[in-house]
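Residue strings, one per chain:
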Amino acid sequence: MAAAAPGLGLEMEETVYHVKEGAEGANLELENFCLWYGKAQALHGIGMKVQKGIVTALIGPSGCGKSTLLRSINRMNDLIDGLSVRGSIRLDGKDINAPGVDVIKLRKRMGMVFQKPNPFPMSVFENVAYPLRVDGVRDRRMLADACERALGEAALWEEVKDRLQENALGLSGGQQQRLCIARAIASDPDVLLMDEPCSALDPIATARIEELIARLRGHFTIVIVTHNMQQAARVSDNTAFMYLGRLIEYGGTNEIFVNPRLPRTSDYITGRFG
C-alpha cells in the first residue's frame, strides 16, 4: 500500500491496471509523472499508457488532478509560476519535457478543446484556417479544402457552408464547440485533448458532441476529462479514475463501470462520494 494522503487519514491503494494492449500500441506514455505548484504537490507518480486511436476518459471528483494532467500533456501548465515536474510524458517515445523540445511544435501535434466554446471573434472560415495560417499556409485553395475537411469531420459543414464568412460568435453554443473541435483538428494533430467539452452545453448539444467523438475515434488519440460518468461510459474505450492527484485504477471502460477492482473506484462510480 502507498502512504496515506497527508492530513486526510486516507490510505491510498496502489494503482490497479487492467488495460488491454491495443493493436496500434500506445503513443502517449506517462511514467512516474509528478507535478508541483510551488511546494504543493498536485500529481503523484502517474503512470499510464494511452493507446493510439481510441478514447480515454479521465474521471474523478473535482480537484483530483484530471485537468492538471491533461494540460501537462501539451505543456500548457508551463505558463504557471512555480511549476515543477518529475518523471516523464512520452509522445511516440520522446519525452515532451526534455531539454530542447520545441513547445510550439509539440502543441501543433495536440489539438485542445476547452470547457467553454472559445471561437475567435472572426469568421467561421478564419477560425478553422487560423492554425494553418500560423503554420505558414497561404494558398487559398489549400485553406478552403482544409476548412471543408475539418468542418466535415466535426459534423458542422452542412450547417455552416453558407455562413463561412459570418462571425463565428453568431453560432449557437453547440455549433461553437464543434467549430472549436474543427479548429483543433484542422492541422491534423496526433492527439486531441478535451477538457469537459460538454459542461457548458445543453443535452441536445451534448449528444451531438458525443456523436462527434464517436466519429473521430480511430482518426485521433482522444483524451477527455469529464465529471459526467454516464458520458465517460458512453464515449470512451478506456477509463482512468483519479483521486487526490493519484491514478487509482485504469482499465477498459466497461470493466471500470461494471466490475471495478478497488473499493474506492466502486464508491465513486456508485456515487458514495465525489
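Here the residue numbering is sequential within each chain, running from 1 through the sequence in written order. Confidence filtering applies because this is a predicted model: local features only for residues at pLDDT of at least 70, side-chain atom pairs given and counted only at 80 or more, and all residues used for totals across whole chains, interfaces and linings. Excluded from the side-chain calculations are hydrogens and water; all other atoms, namely the structure's heavy atoms, are used.

Some points on the packing of helix H6 (residues 173-185) against helix H7 (residues 203-216)
Move 1: Helix axes are fitted only over the stretch in contact, all axes being lines through C-alpha atoms; the angle between N-to-C directions runs from 0 to 180 degrees. Strands here are runs of E lasting at least two residues and helices are runs of H or I lasting at least four, both read from the DSSP assignment and numbered beginning at the N terminus. The N-to-C vectors of H6 and H7 enclose an angle of 20°; their axes lie 9 Å apart at closest approach. The orientation of H6 relative to H7 falls into the category roughly parallel. For H6 against H7, the interelement crossing comes out right-handed. In contact with Gly174, Gln177, Arg178, Ile181 and Ile185 of H6, H7 contributes Ala205, Arg208, Ile209, Leu212 and Leu216.
Move 2: For the contact of H6 with H7, the residue count by class is 6 nonpolar, 2 polar and 2 charged. The scheme is simple: roughly parallel for angles under 35 degrees, roughly antiparallel for over 145, roughly perpendicular for 65 to 115, oblique for anything else. The crossing is said to be left-handed when, going from far helix to near helix, the turn is anticlockwise and less than a right angle, and right-handed when the turn is clockwise. We call two residues in contact whenever any of their non-hydrogen atoms come within 4.5 Å of each other. Side-chain classes are defined by residue name, with Ala, Val, Leu, Ile, Met, Phe, Trp, Tyr, Cys and Pro counting as nonpolar, Asp, Glu, Lys and Arg as charged, and the others, Gly among them, as polar.

Some points on the pairing of strand S7 (residues 83-91)
Move 1: Bridge analysis of strand S4 (residues 26-37) against S7 gives 8 bridges, and the strand direction is antiparallel. Each residue of the ladder has a partner; that of Tyr37, found in S7, is Leu83.
Move 2: Pairing between strands is defined by DSSP: at least two bridges between them are needed. Strand direction decides the pairing type here: S7 and strand S8 (residues 94-95), joined by 2 bridges, are antiparallel. Its bridge partner being in S8, Arg90 is matched across the sheet by Asp95.
Move 3: Between S7 and the antiparallel strand that follows it, S8, lie 2 residues; Asp92 among them carries a positive phi value of about 50°.

The analysis is restricted to geometry; functional conclusions fall outside its scope.
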